[in-house]
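Take a look at the letters that make up each chain.
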Amino acid sequence: MTALGLKPDGAQARPLLRDLASIALIALAGASGYWLFPDNLSFLTRVISVALLVLSLDLVVGYCGIASLGQAALYGAGAYAAGIACLNGVTEPFLLILIGAAAGAVTGLMMGAVMLRAHGLPQLVLSIAIVQLLHEAANKLAWLTGGSDGLSGMLPAPLFGLFEFDLWGRAAYLFGLGLLIVTFALLRLLVRSPFGMVCRGLKEDPLRVSALGISAFPVLIRMFAISGAVAGMGGALGAIATQVVGLDSVSFELSANALVMLVLGGLGQLTGALIGTVVFMSIEHVIAAINPFHWMTLVGAILVAIVLFAPRGLSGTLDELARLLRREGRP
Amino acid sequence: MSAVFSVERLSKSFGGLKVNHDISLSMAAGERLALIGPNGAGKTTFVNLVTGRIRPSRGAVSLGGEDMTAVSAVGRVRRGLVRTFQVTRLFSEMTPEEHMLLALLQRAGRATRILARFRGDATLRDEAADILATLGLTEVARRPVAEIAYGQQRLLEIAIAMAQRPKVLLLDEPAAGVPSSDTPLIERALERLPPELAVLMIEHDMDLVFRFAKRVIVLAAGEVIFQGLPGEVAQDEKVREAYLGSYAHAGR
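Rules used throughout
Residues numbered from 1 in each chain as written. Chains lettered and ligands numbered in written order. Predicted model: local features only at pLDDT ≥ 70, side-chain atom pairs only at ≥ 80, totals over all residues. Heavy atoms only, no water. Helix = DSSP H or I, 4+ residues; strand = E, 2+ residues; numbered from the N terminus. Rg over C-alpha atoms; globule rule 2.2 N^0.38 Å. Buried < 20%, exposed > 50% of the residue type's maximum accessible area, 1.4 Å probe, protein only. Contact = heavy atoms within 4.5 Å. Lys, Arg positive; Asp, Glu negative; His and termini not counted. Charge placed at Lys NZ, Arg CZ, Asp CG, Glu CD. Core = buried A, V, L, I, M, F, W, Y, C linked by side-chain atoms within 4.5 Å. Salt bridge = Lys/Arg side-chain N within 4 Å of Asp/Glu carboxyl O. Pairing = 2+ DSSP bridges. Axes fitted to C-alpha atoms, helices over the stretch in contact; angles between N-to-C directions. Expected span 1.5 Å × (residues − 1). Buried area = accessible area lost by both parts, 1.4 Å probe. Polar contact = N/O pair within 3.5 Å; in protein donor to acceptor, adjacent residues only side chain to side chain. Nonpolar A, V, L, I, M, F, W, Y, C, P; charged D, E, K, R; others polar. Parallel < 35°, antiparallel > 145°, perpendicular 65-115°, else oblique. Left-handed = near helix turned anticlockwise from the far one by under 90°.

Caption draft 1: Expanded view of the overall build of chain B. Counting its regular elements, chain B contains 9 helices and 10 strands. Here the C-alpha radius of gyration of chain B, 19 Å, is about what a compact globule of 252 residues would show, namely 18 Å. With the C-alpha coordinates aligned to their principal axes, the bounding extent of chain B is approximately 55 × 40 × 35 Å. When each of the 252 residues of chain B is scored for burial, the buried share is 54%. Intrachain contacts of chain B at a sequence separation of at least 6 include 66% that bridge at least 24 residues. Separation of charge centres in chain B, based on 32 positive and 29 negative side chains, amounts to 5 Å.

Here is the structure:
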């Protein structure tokens, strides 16, 4: 290859460096959250839990080009599975996360099997229908899910047998941060694997992908399962950290908010999902405290501004700024 | 001469309209065949029938003696029936090298692996670089496709097809949209296609057809009206009529 004049390693090394830098940044931001807002750790843990949901949505929307307004179905499946398991004596936190991931993955498979039958708007409507159906199921199966009261009173075992999930939420936060970093790193590998490249191809031109001899369905259904596992872990983390699971975890509203956060942060980059979640939820947290009735108006206005002036989302705009600065800096 | 690819009495009607009617042809390995015809002759429908994008009303397509009529579009590609597109269909943010690696990984049966590195295989990277070099695309191998010239994108379509190592290649207007100053590039690329490959070219550019094809089939109003040597096509009365003179003097 070098003989033909292609630079051997530059292009391969750079994304790896970028990944390591993003992971370091997440760890740094997470640690500063821990030191700067010690009284808000339970809120920050919820941010991480929702960030996993938005990351999972990015896999489907940002990498495969399948719009979904029902992603909370997968998040809720993980939350309820972990909650029910915990109330039935499975209290080991890592195991609960795994149970959440498995429940999310299975729900993802089913959701994919239904959604992939359609394209475009009908597909979007199916996603809404699925989350509404699950919401109704969780409401009706009160013996299992607690109905409209939800599940409460879960008492997860201490982390590594040492750190209690206490009122201050330190253990839960650090546990969640660790989970997020590991998941993010694995997803980075995923989106740069051959599988991830095929997904990007499917997003842009399915006909071209089929002309390469690659069938779309097996690829997309696997992505739904992976996405479900990630969302399910987010749900399980929420259940462990807050020790309640409610109907809001499997709602259309949460699904729609997740999509808003993703668009806000920028599609198809993973980092955008994280930035979008943190910005959206921080705004919600601060403004809802000041004016609980009109905070959505402000969020709406910010969104309109972003879609009009920064269509690639916050992370895309940051990238462009960085590129401009670099160009300025050059002699 | 055993046929590597054949089409028998392939027909397609939309309602009462016969878009393709009783089209038959067969190709031997290494053959260079061109399919021409005026606009609306049914060429696009023919491509869609052969590649499996639409189902025929009647007739059969076979590849290497195997009946393909019930095989899906993807299945036909996997068995060696590969096409290029009239309007380039490429992934705008990917580089030519990445396109090649996708095609090569798929040929190796590894395109959808999760636990693998996209650039992990040095042999495939070398093969990708080789093909790109053959077509003069080394310079742009690592630039996003959206940033390279249209002529180079057309060459990349051919490069991808070469990476797929087909038995039969369907070239759907390989020179469409290319400025005439660049057609020699396409022509040179076509000359470098493996000699044993059967190539069916659908093309408007008559000069290209006459230089490339050893045999020509003319389609008009969904039917084959001429099969024969390139030199004879312009003299044929039916062909002249079909084109209303527009191409009757071409190739002189």
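Picking up after the structure, the text goes on.
Caption draft 2: Up close: the nonpolar core. Core analysis: the biggest nonpolar cluster contains 155 residues, and A:Leu55, A:Leu59, B:Met100, B:Leu156, B:Leu190 and B:Leu193 have the highest contact counts within it. The element contributing the most residues to this core is helix 2 (residues 41–61) of chain A, with 15 residues. Setting aside chain neighbours within four positions, we find B:Leu190 in contact with B:Ile158, B:Leu171, B:Pro174, B:Met201, B:Leu208 and B:Phe212. Counting residues in each nonpolar core, the second largest holds 26 residues, with B:Phe5, B:Phe46, B:Leu49 and B:Val71 among its members.

Caption draft 3: Region of the structure containing the pattern of salt bridges. Residues and elements named next belong to chain B. In this structure the tally under the stated criterion is 17 salt bridges over all chains. The residue Arg110 makes a salt bridge to Asp121 at a minimum N-O spacing of 2.6 Å. Of this pair, Arg110 sits in the loop between helix 3 (96–107) and helix 4 (122–134) while Asp121 sits in the loop between helix 3 and helix 4, and the two are 11 residues apart along the sequence. Accessibility expressed as a relative area gives 23% for Arg110, which makes it partly exposed. Residue classification places Asp121 among the partly exposed positions, given a relative accessible area of 21%. What emerges from the salt-bridge pattern is a single network uniting Glu97, Glu98, Arg119 and Arg142.

Caption draft 4: Here's a closer look at the pairing of strand 9 (residues 215–220) of chain B. Residues and elements named next belong to chain B. Across the 6 residues that make up strand 9, a large majority, 5, are buried. Here strand 9 runs beside strand 10 (residues 223–228); their pairing, made up of 5 bridges, is antiparallel. If you follow Ala220 over to strand 10, its bridge partner there is Glu223. Linking strand 9 back to strand 10 in an antiparallel pair, the connection comprises 2 residues, with Ala221 at a positive phi of about 50°.

Caption draft 5: Structural detail: the sheet that holds strand 10 of chain B. Residues and elements named next belong to chain B. Spatially, the 6 strands line up as an open sheet ordered 6-7-8-3-9-10, and their pairing is mixed. Strands at the two margins of the open sheet, each flanked by one partner only, are strand 6 (81–83) and strand 10. Averaged over all adjacent pairs, the angle separating strand axes in this sheet is 20°, with direction ignored. Relative to strand 8 (residues 198–202), strand 3 (residues 32–36) is paired through 4 bridges, and the arrangement is parallel. Counted as the bridge partner of Arg32 is Val199 from strand 8.

Caption draft 6: Region of the structure containing the environment of A:Gly300. Residue and element names in this part refer to chain A. Topologically, Gly300 is positioned in helix 13 (residues 295–309). Accessibility expressed as a relative area gives 30% for Gly300, which makes it partly exposed. With 40 residues separating them along the chain, Gly300 and Val260 place their C-alpha atoms 9.6 Å apart.

Caption draft 7: Fine view of helix 5 (residues 150–163) of chain B. The end-to-end C-alpha distance of helix 5 of chain B, which contains 14 residues, comes to 20 Å, matching closely the 20 Å that a straight helix rising 1.5 Å per residue would cover. A large share of helix 5 of chain B lies buried, amounting to 12 of its 14 residues. Among the residues of helix 5 of chain B, B:Gly151, B:Gln153, B:Arg154, B:Leu155, B:Leu156, B:Glu157, B:Ile158, B:Ala159, B:Ile160, B:Ala161, B:Met162 and B:Ala163 are the ones counted as buried. Contacts made by the buried residues of helix 5 of chain B are with helix 9 (206–211) of chain A together with strand 6, helix 3, helix 4, strand 7 (168–172) and helix 6 (183–191) of chain B.

Caption draft 8: Quick peek at the environment of B:Ala73. All names here are of chain B. With respect to the helices, strands and loops of the structure, Ala73 is situated in helix 2 (residues 73–78). Through-space distance from the C-alpha of Ala73 to that of Thr123 is 28 Å; in sequence the pair is 50 residues apart. Among all residues touching Ala73, those that are not within four sequence positions of it are Thr51 and Gly52.

Caption draft 9: How the structure looks around the interface of chain A and chain B. Taken residue by residue, the interface counts 30 residues in chain A and 37 residues in chain B. Carbon and sulfur atoms make up 65% of the surface buried where chain A meets chain B, a total of about 3100 Å² over both sides. Linking chain A with chain B are 2 salt bridges. There are 10 residue pairs in polar contact (both at pLDDT 80 or more) connecting chain A and chain B. Mapped onto the side of chain A that touches chain B, the elements with two or more residues apiece are helix 1 (10–36), helix 8 (194–204), helix 9 and helix 10 (216–242) of chain A. Ranked by residues supplied to the side of chain A that touches chain B, first place goes to helix 8 of chain A with 7 residues. Looking at the side of chain A that touches chain B, its residues break down into 17 nonpolar, 6 polar and 7 charged.

Caption draft 10: Region of interest: the packing of helix 5 of chain B against helix 6 of chain B. Residue and element names in this part refer to chain B. Viewed as axis vectors pointing N to C, helix 5 and helix 6 meet at an angle of 10°, and their least axial separation amounts to 10 Å. Of the possible angle classes, the one that applies to helix 5 and helix 6 is roughly parallel. At the point where helix 5 passes helix 6, the crossing takes the right-handed sense. Contact residues: Gly151, Arg154, Leu155 and Ile158 in helix 5; Leu185, Ile186, Ala189 and Leu190 in helix 6.

Treat this as a map of the structure, not an account of what it does.
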